[in-house]
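# Overview (structure and organization)
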Amino acid sequence: MTNPQDRRLPLEGLKVLELGQLIAGPFATKLLGEFGADVIKIEPPGTGDPLRKWRMIEDDTSLWWHVQTRNKRSLSLDLRSQEGQALVRRLAVEADVLVENFRPGTLEGWGLGWEALSAINPGLIMVRVSGYGQTGPYRDKPGFGVIGEAMGGLRYLTGHPGEPSVRVGVSIGDSLSALYAVIGTLLALQERARSGQGQVIDVALYESVFAMMESLLPEYDASGEIREPSGSALPGITPSNAYRCRGGDYVLIAGNGDSIFKRLMGVIGRDDLAQEPALAHNDGRSRQAERIDGAIEAWTQARARDEIIEKLEAARVPVGYPYTAADIARDPHYLAREMIQTFVRPNGKPLKVPGVLPRLSATPGRLGNGGPSLGQHTDEVLDELGIDDETRAKLRQAGII
């Protein structure tokens, strides 16, 4: 942790313990680490976080790992052993934040629950991420992000009418939960600055998704209406859809502002629709969405994607197309805003990774290095606790570290 920029990072001096794996909890600590927190990631000896073997593997390590675990220190420790649990308690005494995403009750079974740890560190903030939360009839069920996305209402809406639902191509439920975990952490730190007391932040995957569902529930409550899947359209907001171009490409057009709609109709040669009183505002347009979409696609299907984008951008109509990874990697706007960064892996090969968000003008976050090797910082962390070489050797021989 010798990056000279650390002195300028807003979370410098914050010590975070990560007792979790895979996505939700570790993504939350990744964000904290990017802004200066000292994140100590505890992993099981020998195997480590399963994410090390997820998705594309190179040199026996997931490429994802270099994003998800940057700026962290890896401590290999068997949490199921009494010795490992005792070491966690010693670390918790000095920690500001502990993040975990085990099934509820797991830490309590190891003597590492909130009651035990807050007793030795009243200022500790414990962030608990789980499928269904720490309370309620479902608390003991196993819950991954895809199940949270389903229960939260998102999965039902993704796809085309009459077809099986599809999943978003990334672990969006986990990532949303991580963002709520970070927001909760920052709020709890603000409260601790006033009262000196820590607290528990209870994040449920399904609730994080449900919170994103806009007017889904009040519409049902008021009218009994159940929102249905709608493919690429956005029901009740018109026009906003994907439209086929000549050659089979698609463009995305968002012409749902009243003045934007008129400009869009002018470009496609449908001033009659632009001047029709019933289509002047969104509610009227939404009642005739199929008619409007048909007029737009009749125009786009006769033209190449680049021509469509050029004409609509000239008329100040929001337009784009679905980016692939290749599109992102070469896009000049991504590059100009430094959202694509490069670091050199231990094998000497460069690797492009996403930049750091949010963007702070005075104290921007750090990219740091890629993810640590398993147990890379074990001796360093235990030395900071005052664990001598002989004791560490015994712990290592016993497979505890």
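Residues numbered from 1 in each chain as written. Predicted model: local features only at pLDDT ≥ 70, side-chain atom pairs only at ≥ 80, totals over all residues. Heavy atoms only, no water.

Strand order in the open sheet formed by three strands is β9-β10-β11, and the pairing between neighbours is antiparallel. Each edge of the open sheet is held by one strand with a lone partner, namely β9 (240-244) and β11 (319-320). Pairing between β9 and strand β10 (residues 250-254): five bridges, direction antiparallel. Paired with Ser 240 across the strands is Ala 254, a residue of β10. Here helix α14 (residues 289-300) sits on the sheet in contact with β9 and β10, set at roughly 35° to β9. (Pairing = 2+ DSSP bridges. Helix = DSSP H or I, 4+ residues; strand = E, 2+ residues; numbered from the N terminus. Contact = heavy atoms within 4.5 Å. Axes fitted to C-alpha atoms, helices over the stretch in contact; angles between N-to-C directions.)

Residues of helix α15 (residues 305-314) that are buried: Ile 308, Ile 309 and Leu 312. Angularly, the buried residues of α15 cover 95° about the axis, an arc narrow enough to put them on a single face. In α15, the exposed positions angled more than 90 degrees off the buried face are occupied by Asp 306, Glu 310 and Ala 314. As for α15, its buried residues are in contact with β10, α11 (258-267), α14 and β11. Remark: Arg 316 follows α15 within two positions and exhibits a positive phi of approximately 60°. (Buried < 20%, exposed > 50% of the residue type's maximum accessible area, 1.4 Å probe, protein only. Arc of directions from axis to C-beta.)

Among the nonpolar cores identified, the biggest contains 28 residues, and Leu 19 and Leu 77 are the most heavily contacted of them. Of all the elements in the fold, those that place two or more residues in this core are β1 (15-19), β2 (38-43), α3 (82-94), α5 (114-120) and α18 (378-384). If you tally residues by element for this core, the top one is α3, at four residues. In contact with Leu 19, other than residues within four places in its own chain, are Ile 42, Leu 79, Val 88, Leu 98, Val 99, Glu 100, Asn 101, Phe 102 and Leu 107. Counting residues in hydrophobic clusters, the runner-up holds 25 residues, among them Val 16, Phe 35, Val 129 and Val 203. (Core = buried A, V, L, I, M, F, W, Y, C linked by side-chain atoms within 4.5 Å.)

The final tally for this structure, using the stated rule, is 29 salt bridges. Taking the shortest distance from any N to any O, the salt bridge between Glu 18 and Lys 41 comes out at 2.3 Å. In this pair, Glu 18 sits in strand β1 while Lys 41 sits in strand β2, placing the two residues 23 residues apart along the sequence. As far as the burial class goes, Glu 18 and Lys 41 line up, both buried. (Salt bridge = Lys/Arg side-chain N within 4 Å of Asp/Glu carboxyl O.)

Before going further, it helps to examine the sheet that holds β1. Read from one edge to the other, the open sheet built from six strands follows the order β5-β2-β1-β6-β7-β8, with strand pairing classed as parallel. Looking at strand neighbours, the two that pair on one side only are β5 (72-76) and β8 (200-204), the edges of this open sheet. Pairs of neighbouring strands in the sheet enclose a mean axial angle of 20°, with direction left out of account. Here β2 runs beside β5; their pairing, made up of five bridges, is parallel. Following the sheet pairing, Glu 43 is matched in β5 by Ser 76. Lying over the sheet, helix α1 (residues 24-34) contacts β1, β2, β5, β6 (97-100) and β7 (125-130), oriented at roughly 160° with respect to β1.

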